[in-house]
Amino acid sequence: MGIFSSVSHFFFDVGILSWDVLLTLSNLVRRKRRIGHVTPEGHPGYGGLWPEFKPAQEGDSRCSCPALNAMANHGIIPRNGRNISFVELNHQIRTTYNFGPSFCSYVPHYAARMLKKSYSNDTFDLQELDLHNGIEHDASLFRLDTALEPNQSTKHIPFIEELLAAYTGKDQYGNDVLTTKDLSSILGKRRAIARATNSEFSLSFFHKVFGSANSSTLLTIFGGRVEDLRSIVLHERIPEGWESRVREPYGLTLTHFNKTVLAVEFGVREKDWAEAAQEAAARHRTASV
C-alpha cells in the first residue's frame, strides 16, 4: 500500500507541475483581469465587498496562517474553522486570493497527505495544519517557535510590528511596500535569533524554502503593501475593497511564484544577524534564571 501511494503521489505531482507550466504559459498570452474584477463575480469579495468580519470566538479553530484565518473570520470557510473540506478549500483559496488552480490543488492535497487523510472525503480543523515540521515550522515571521508557544494560532505582535516597519519600497501609487530584500533580511534575523534562543530549533532545507514561500505570498498576492498586510497579518481581516494584486487570468502559478520564493530564499543571510542573535541568547539565558 505504501509503495502504491508513493507512486500515485509521484504521478500526481508530475501532473500538477505539467499543468502548472501550461497555465503559466497561458497567462503570458491572455489578458490580465481588469482592476476591480479580479475576484470572480458571484463569489465572496467580488467588487471589494467581503462578508462581515467576525473575529474568532472561544472554541473556534485557527492556525498559524493569517490568510486562512482571515477566510474563516469572514465566513468564506466555516467561521469556527472546523470540518473544512479539502476540496472546498481548493475552490475558496482560488477565488479569494487568485492562486492558480494547480497551486490550489497541490496545497490541499499536500495537507491531506500530511494529515494522513483523504483529500476527497475527509475534513480538517485549521489547528491541525500546525503539525510541527509538517507545514508549520520554526523561525516564523508571525509566531514564536512551537517550543515557546505551542498554540500557533497566537500572534506574536512584536514580530509583526517589526516586519511591517521593515519596508523600504514604494509602489507606483506611492504606497509603502515590503521588498524581496526586506523579507530576506527579516527572515535571516528570525532564523539567527530562533537558532540561538530555542534549544529545540529545527529548520530543514524544505522548511527554509517553505518559509520563504509563505513570505513571498506577502509580495505577490498582497503586493507587499504595508497597509493591507497590517490588516491581514495583524488583525486577520481582509481589507475593505481589497482584491488580489495578482491579475493573471489563471492566477498565481507555482512556476511563477517560485521565482519570487527563490529570490527571497537566496537573499537570506543569517550571518548578518550574528551579533543580534548573541544578544538575544544572552537575554534568554538571563530570563531563564
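Residues numbered from 1 in each chain as written. Predicted model: local features only at pLDDT ≥ 70, side-chain atom pairs only at ≥ 80, totals over all residues. Heavy atoms only, no water.

**Brief notes about the environment of E149**
Step number 1: Within the fold, E149 resides in the loop between strand 2 (123-124) and helix 5 (157-164).
Step number 2: E149 sits in the partly exposed class, given a relative accessible area of 22%.
Step number 3: The contact partners of E149, leaving out residues within four places of it in the chain, are L144 and T154. (Helix = DSSP H or I, 4+ residues; strand = E, 2+ residues; numbered from the N terminus. Buried < 20%, exposed > 50% of the residue type's maximum accessible area, 1.4 Å probe, protein only. Contact = heavy atoms within 4.5 Å.)

**Observations concerning the pattern of salt bridges**
Proximity of charged atoms lets side chains of opposite charge pair with each other.
Step number 1: Scanning the entire structure with this criterion turns up 13 salt bridges.
Step number 2: In this structure, D13 engages R113 in a salt bridge whose closest nitrogen and oxygen atoms are separated by 2.7 Å. Residue D13 is located in helix 1 (residues 2-29), and its partner R113 is located in helix 4 (residues 101-114); the two are separated by 100 residues in the primary sequence.
Step number 3: With its nearest N and O atoms 3.2 Å apart, the salt bridge here joins E161 to R230. On the criterion of sequence distance, the pair formed by E161 in helix 5 and R230 in helix 8 (residues 226-235) is long-range, its members being 69 residues apart.
Step number 4: We classify E161 as partly exposed; its relative accessible area is 32%.
Step number 5: On the accessibility criterion, R230 (31% relative accessible area) is partly exposed.
Step number 6: Through salt bridges with shared partners, a single ionic network connects E162, K189 and R190. (Salt bridge = Lys/Arg side-chain N within 4 Å of Asp/Glu carboxyl O.)

**Considering a nonpolar patch on the surface**
Step number 1: Residues V21, L22, L25, L28 and V29 make up a contiguous nonpolar surface patch of roughly 540 Å² in combined accessible area.
Step number 2: Mapped onto the elements, L25 comes out in helix 1. (Patch = residues over 30% accessible without salt bridge, like charges linked within 9 Å, V, L, I, M, F, W, Y side chains within 5 Å. Areas by Shrake-Rupley, 256 points an atom, 1.4 Å probe, with all protein chains shown as cover.)

**Regarding the packing of aromatic side chains**
Step number 1: Per the counting criterion, the structure on display carries twelve aromatic pairs.
Step number 2: Ring geometry for Y97 versus F222: centroids 5.9 Å apart, planes at 65°, classification edge-to-face. On the criterion of sequence distance, the pair formed by Y97 in helix 3 (residues 86-97) and F222 in the loop between helix 7 (205-220) and helix 8 is long-range, its members being 125 residues apart. Each of the two residues, Y97 as well as F222, counts as buried.
Step number 3: Put simply, the rings of W50, Y97, F222 and W242 pair up and form one aromatic cluster.
Step number 4: One cation-aromatic arrangement involves R190 over F159; the distance from NZ or CZ to the ring centre is 3.9 Å. (Phe/Tyr/Trp six-rings, centres within 6.5 Å; stacked < 30°, edge-to-face > 60°. Lys NZ or Arg CZ within 6 Å of the ring centre and 35° of its normal.)

**Things to note about the environment of S231**
Step number 1: Summarising the element assignment, S231 is placed in helix 8.
Step number 2: Taking the C-alpha atoms as reference points, S231 and P66, 165 residues apart in sequence, are found 9.8 Å from one another.
Step number 3: Beyond its immediate sequence surroundings of up to four residues, S231 is in contact with E236, R237, I238 and P239.
Step number 4: A distance of 2.7 Å separates the side chain of S231 from the backbone oxygen of R237, its partner in a polar contact. (Polar contact = N/O pair within 3.5 Å; in protein donor to acceptor, adjacent residues only side chain to side chain.)

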